Amino acid sequence: MHTSQPYSPARLTSPGAAKLPRSILIAVGLIYILSGLIFRDPWKTDDVIGLATMLTAMNNDGVLSVLLPQVGSLAYAENGPLVTWVGLACMTLFAPIFALFTTELNSLILASRVPNLLWFGLMSYCVWHGTLRLAKRREAQPLPLPFGGEPTPAEYGRMLADATLLFLIATVGILWRMHETSHVPAIMAFQALAFFALSLQLYRPAAGTLLLGIALACALLTRGAVGATPIFLASLLLPLFHSPFRSIFKWQIVAIVLGIALFLLWWFPARAFSLYWTQQWLLWNHSSFGWPNVTGLYKALRDLLWFLWPTWPMALLAVWNWRHWLRAPHLLLPGCLFITALLTLLVQTNPSEPELALLAIPSAVLAAFALPTLRRSIINTLDWFAVMCFSLTAATVWLGWVAQQSGWPPKIAKSIARQTVGFETFISVPALTLAVLGSLGWIALVVWRTRRHPPGLWRGTVLSAGGLLVTWLLLVTLWLPSLDYARSYRSVSNELSTALQTHQAANGCVRGQGVGLGQRASFYAFSNVDLVFDQRCDLILQQLNRRDLEKGELPPPNNTEVLWIGHRGGDRHEAFRLLRLLPASRNTQ
């Protein structure tokens, strides 16, 4: 390093890098990922689609539905097959065990969520160890104190690695997405693997290159070009700067070639099995990029403000306070991953939450490096903001539950009742006990912060992660039955299945008309109802606007017979109608 290099903006004493007990970090991670992962139905859209592709692969003989994701008879030529493969393997291994304690369908649902533990574990490991390697570098160290007392590189790196993981857990936008049976947890895990691989290349180029190639291939097999582009661009962009990454440019090329080669091991057999599926997959990837819709882009950028909370303000502070060190790996690596993910978002024709999720990891890493550059007064202010914010959210969840159970306050109770028409409220003692214990834990955490005044710089991240965690725990204990009733298609799927048992011939089929992908996947997942595209089917399932249907504005077509009408509990918009084509009508089809 040149002697003209500016002084480090980080100021930290050894007590500020006090060790966070591993048991606390592990407990926080387990509570985070397990809460909301069990005891609920899959919800639309991405959650139930992921389950439906796994069930299709399990139910159908042959290689096609395993090699190429399907939702029943529908070629689901989006994303990639890797999540389906891992889910199918977990269903095969764990569903027979879970079936000893619950129904066959519920055991399959539980088994399909085992990969979420894998994705979260991989993401946590890679983010923690990647940050540790960057923080232990000389460029990232705090300014040496005149009389000593600064933390060792190992202590400093461990503290920032803990803070990064806690920041990631505290990120609001990924909370629900990490619990989905979808591609989002997987693509975040592979982005974390790429982050770790790039940090490892500075020390062990061959091992880092191998991991980077695997991460790139897995991203392609998970989310296609949309998921792999940020990793690909960051790998090429990093060596362009006058930084330690310039010396490993040849390794980046090797990693990219390796990633593409691994991807082609799937692509060529897939193309041989189904030219239609692979062409649709290429079309989806191509159509995902283009000039974005102004309204959609505005909405995505607006959503970033809450999606990346509370990390984005801290990330901006890190970039400003370390502005003279932007070419140092601890700023350059997460900065490049953030910029490439943002550029990918900006050129999406329809940017949505899965694309926003790719900004969460680099934002959390940058936010952690802001901590040692902040004055104590600012850190204390942020701590108190977290206390007030999450205490308010927890109190709001409790107030809503009280309103639903007692009818007071009346305005809130009326609003909730309108969203859950037909739902019969009840009190689950185990869930209520967990909610009370979680609330008491939050109170204890706040008391610990205010009375003990812990010196560790991670104290604010513990408050943010703990606050979001208790809010999430309250939602999935107090509100899970209501949310399941409002968002699950199990009941309406069972009604449709009963109607089909009465009216469907032994070898008959059902054709979908205007049925959305999430609804189609729900009917398949819950009742094994496969909506095909055969015009010869004598049964037709329509998805209609419920209000228009109730007003009589959507009469059934001529020469059809209405067999069944149903809707999801509490849903004021969707309705489903099962029709039978009369013989004269079938002859004209």
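Above this text sits the structure in question.
Residues numbered from 1 in each chain as written. Predicted model: local features only at pLDDT ≥ 70, side-chain atom pairs only at ≥ 80, totals over all residues. Heavy atoms only, no water.

## Here we look at the sheet that holds strand β7 (residues 574-581)
- Here we have five strands laid out as an open sheet, ordered β4-β3-β5-β7-β6, and mixed in their pairing. Across the chains shown, the open sheet's two edge strands, defined by having one partner strand only, are β4 (531-532) and β6 (560-566).
- Packed on one face of the sheet, helix α22 (residues 490-503) meets β3 (510-513), β5 (539-545), β6 and β7 and runs near 150 degrees to β6. (Pairing = 2+ DSSP bridges. Helix = DSSP H or I, 4+ residues; strand = E, 2+ residues; numbered from the N terminus. Contact = heavy atoms within 4.5 Å. Axes fitted to C-alpha atoms, helices over the stretch in contact; angles between N-to-C directions.)

## Here we look at the pairing of β7
- Among the eight residues that make up β7, seven are buried, leaving the element largely enclosed by the rest of the structure.
- Two strands pair when backbone bridges link them, and β5 and β7 are joined in this way by seven bridges, in the antiparallel orientation. Within β7, the residue paired with I540 across the bridge is L579.
- Bridge count for β6 against β7 is six bridges, and the pairing is antiparallel. Paired with I565 across the bridge in β7 is R577. (Buried < 20%, exposed > 50% of the residue type's maximum accessible area, 1.4 Å probe, protein only.)

## Focus on helix α4 (residues 82-98)
- Helix length check: α4, at 17 residues, gives a terminal C-alpha distance of 23 Å against a target of 24 Å (1.5 Å per residue), a fit within 8%.
- Along α4, the largest kink reaches about 35 degrees and is centred on T92; proline P96 follows within four residues of it.
- By the burial criterion, the buried members of α4 are L82, V83, T84, V86, G87, L88, C90, M91 and A95.
- At its buried positions, α4 is contacted by α2 (46-59), α3 (64-67), α5 (104-112), α6 (114-135), α8 (183-201) and α9 (205-237). (Expected span 1.5 Å × (residues − 1). Bend = angle between axes of the 7 residues up to and from the residue.)

## Examining the pattern of salt bridges
- In the structure shown here, the tally under the stated rule is 18 salt bridges.
- Here R40 and D47 are joined by a salt bridge, their closest N and O atoms 3.0 Å apart. For the residue pair R40 and D47, the accessibility class agrees, reading buried in each case.
- A salt bridge links K44 to E574; the shortest N-O distance between them is 3.0 Å. Separated by 530 residues along the polypeptide, K44 in the loop between α1 (22-34) and α2 and E574 in strand β7 bring together distant segments of the chain.
- Residue class for E574 comes out buried when judged on its relative accessible area of 9%.
- In this structure, a network of salt bridges that share partners links the residues K44, R568, D571 and E574. (Salt bridge = Lys/Arg side-chain N within 4 Å of Asp/Glu carboxyl O.)

## What about the nonpolar core?
- Y32, M123, I174, M188 and W266 are the most contacted members of the largest nonpolar core, which has 143 residues in total.
- Take this core: its biggest share by element is 14 residues, from α8.
- Aside from chain neighbours lying at most four places away, what touches W266 is L67, L68, P81, W85, L221 and W277.
- Judged by nonpolar contacts, the second largest core, of 17 residues, contains V492, L531, W564 and L578. (Core = buried A, V, L, I, M, F, W, Y, C linked by side-chain atoms within 4.5 Å.)

## Here we look at the environment of A386
- By the element assignment, A386 lies in helix α17 (residues 376-406).
- Along the primary structure A386 and L333 are separated by 53 residues, whereas in three dimensions their C-alpha atoms are 28 Å apart.
- Those residues in contact with A386 that lie beyond four places of it in its chain are S391, W442, L463 and S464.

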